[in-house]
Amino acid sequence: MKNTKAMISRRGLLASAAAGTALVCAPRLARAAGGRVVVGTWGGDYARLLNKNIEEPFLISEGWEVIQDQAGDPERRAKMAAERRLPRGSTDIQAVNGTSMYQLFEQGITQEIDYSKLANGDDVLPAFKHNYGIGHIYSGMVGVYNPDTREAPESFAKVLDPANGAKLGFIDIQYQYTMIAAGLAAGGGVTDVEMGKGLLLEARKAGARIYPTNEAFAQGLANGEIDIGLMWKARTVQWQKAGISVMGATPSEGAIPYESGFVIPKNSPNVDGAYAYLDAMLQPAAQEAFAVDMGYNPTVSDAEISPELTQKIGFTPEEVENLNSPDYGFILENDADMKGWWDKSFAA
């Protein structure tokens, strides 16, 4: 099932790549400060950088009390579903990936974004301006490798080659995108996950390792346990700063764009606070800081990123044209089957 609103369009990403530098305006928040905002988010680096780049400079400093409710994406989605019939939920705003943004809205758990309530709404790039949520940062899944021990893999197929043996690592929480990459490596499209299962099983049989989180995968790279895998290009910049020898290689099949964003539950206790958080998130300075600290591309037109950093974290116009946008509708319909196969047949 295709849903064009749910997909990151190549045209929109080309507009992102071609957006010129704009003057950074003074912070513009949509409403007076005050009150409490509870934000659901992953823990780890992302939670820390939300506090550093958004909450402290644009909300807490202006009198807002911000509380983070940290848990994994699936756990928070399950909690939101369990609370859906309550008049007031436990969170005001939630950070989730692009697939989950679409899924939560289709399930009637989150509300449509009213861009008229945002001072910075007009600055959101078209590819990330959804009715079901707002994109915060984006990157793309590529091949990642240790340049000290191997050549850059030119394709997803080379990453999944059984010859890589136990030096190949997978990330458990990335099962959806990994299965899409395998389908592409097998010559299919973004919905041809069945075609890629054989490649994944062969790699696993050859000794490929599975790590529970992105951070655990990074540790495997750092200690030399693995030297090749699949991950967001942005993470390579972050890991390089941590002293890990790693680089990203855009695959010939085309990278798979990843988007992380925010949604507002229908029973958000403080909708005004949620919109204040969104406006803070869209501030050029906040977006620029995430690009520097985490290596993800901005989703607003007025963020200024240096050419040197753009070369590290961005994609060329040709690479953007070759991106393989996930079909969120397909993932929504097939996620249970994908997760079941991954857990029982691949990861077991």
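Residues numbered from 1 in each chain as written. Predicted model: local features only at pLDDT ≥ 70, side-chain atom pairs only at ≥ 80, totals over all residues. Heavy atoms only, no water.

Peer 1: Help me out: how do you make sense of the environment of Thr236 in this one?
Peer 2: Looking at the secondary structure, you find Thr236 in helix H9 (residues 233-241). Classification of Thr236 by relative accessible area gives buried; the value is 3%. Every residue in contact with Thr236, bar those within four places of it in the chain, is listed here: Val144, Val246, Met247 and Gly248. Side-chain polar atoms of Thr236 contact the backbone oxygen of Lys233, separated by 2.6 Å. (Helix = DSSP H or I, 4+ residues; strand = E, 2+ residues; numbered from the N terminus. Buried < 20%, exposed > 50% of the residue type's maximum accessible area, 1.4 Å probe, protein only. Contact = heavy atoms within 4.5 Å. Polar contact = N/O pair within 3.5 Å; in protein donor to acceptor, adjacent residues only side chain to side chain.)

Peer 1: Sorry if this is basic, but what is going on with helix H2 (residues 44-58) here?
Peer 2: For an α-helix, 3.6 residues make a turn, and residues three or four places apart therefore share a direction. Here H2 is 15 residues long and its end C-alpha atoms lie 21 Å apart, about the 21 Å a rise of 1.5 Å per residue gives. The axis of H2 is deflected most strongly, by about 35°, at Asn51. Within the sequence span of H2, burial applies to Tyr46, Ala47, Leu49, Leu50, Asn53, Ile54, Glu55 and Phe58. (Expected span 1.5 Å × (residues − 1). Bend = angle between axes of the 7 residues up to and from the residue.)

Peer 1: When you look at the packing of H9 against helix H11 (residues 284-294) in this model, what are you seeing that I'm missing?
Peer 2: Packed helices, taken two at a time, are described by the angle between their axes plus the distance between the axes. Look at H9 against H11: their axes get within 7 Å of each other, and the N-to-C directions meet at 65°. Each of Ala234, Arg235, Gln238 and Lys241 in H9 lies in contact with H11, whose residues at this interface are Val292, Asp293 and Met294. Tallied by class, residues from the contact of H9 with H11 come to three nonpolar, one polar and three charged. (Axes fitted to C-alpha atoms, helices over the stretch in contact; angles between N-to-C directions. Nonpolar A, V, L, I, M, F, W, Y, C, P; charged D, E, K, R; others polar.)

Peer 1: Would you mind showing me how to read the layout of surface pockets here?
Peer 2: Gaps between atoms show up when a probe of the same size as a water molecule is rolled over them. What the largest pocket holds in volume is close to 650 Å³. Surrounding the largest pocket, 32 residues form its lining, Trp42, Asp73, Ile173, Gln174 and Asn214 being those nearest its centre. Examining the composition of the lining of the largest pocket, we find that four residues originate from one element, helix H3 (residues 73-83), more than from any other. Its residues assigned to classes, the lining of the largest pocket shows eleven nonpolar, twelve polar and nine charged. (1 Å grid on protein atoms, 1.4 Å probe; cavity = no way out; pocket = protein on both sides within 12 Å on 5 of 7 lines; lining within 4 Å. Points joined across faces, edges and corners; volume = space filled by probe spheres on them.)

Peer 1: Could you clarify how one ought to interpret the pairing of strand E5 (residues 168-171) in this entry?
Peer 2: Along a regular strand, successive side chains alternate from one face of the sheet to the other. Residues of E5 alternate between two faces, with Leu168 and Phe170 on one and Gly169 and Ile171 on the opposite face, all of them buried. Relative to strand E7 (residues 228-232), E5 is paired through two bridges, and the arrangement is parallel. Note that in E7 the partner of Leu168 across the bridge is Ile228. Relative to strand E6 (residues 209-211), E5 is paired through three bridges, and the arrangement is parallel. For Ile171, the partnering residue across the bridge sits in E6 and is Tyr211. (Pairing = 2+ DSSP bridges.)

Peer 1: Hey, could you run me through the packing of aromatic side chains in this one?
Peer 2: For any pair of aromatic rings, geometry is given as the distance between the ring centres together with the angle between the planes. Under the counting rule described, the total for this entry stands at 17 aromatic pairs. Between Tyr211 and Phe217, the aromatic rings sit 6.0 Å apart at their centres with planes inclined by 90°, giving edge-to-face as the arrangement. Residues Tyr211 and Phe217 agree in their burial class; the two are buried. On the basis of an interplanar angle of 45° and a centroid distance of 4.5 Å, the ring pair of Trp342 and Phe346 is categorised as tilted. Taken together, the residues span about one helical turn, with Trp342 and Phe346 both in helix H14 (residues 328-346) at a distance of four residues. Neither Trp342 nor Phe346 differs from the other in exposure class; each is buried. Members of the aromatic cluster, connected to one another through ring pairs, are Phe170, Tyr175, Trp341, Trp342 and Phe346. Across the ring face of Tyr115, the terminal group of Lys129 is positioned such that the distance to the ring centre comes to 5.0 Å. Above the face of the Tyr175 ring, Lys339 is positioned so that its terminal group lies 5.6 Å from the ring centre. (Phe/Tyr/Trp six-rings, centres within 6.5 Å; stacked < 30°, edge-to-face > 60°. Lys NZ or Arg CZ within 6 Å of the ring centre and 35° of its normal.)

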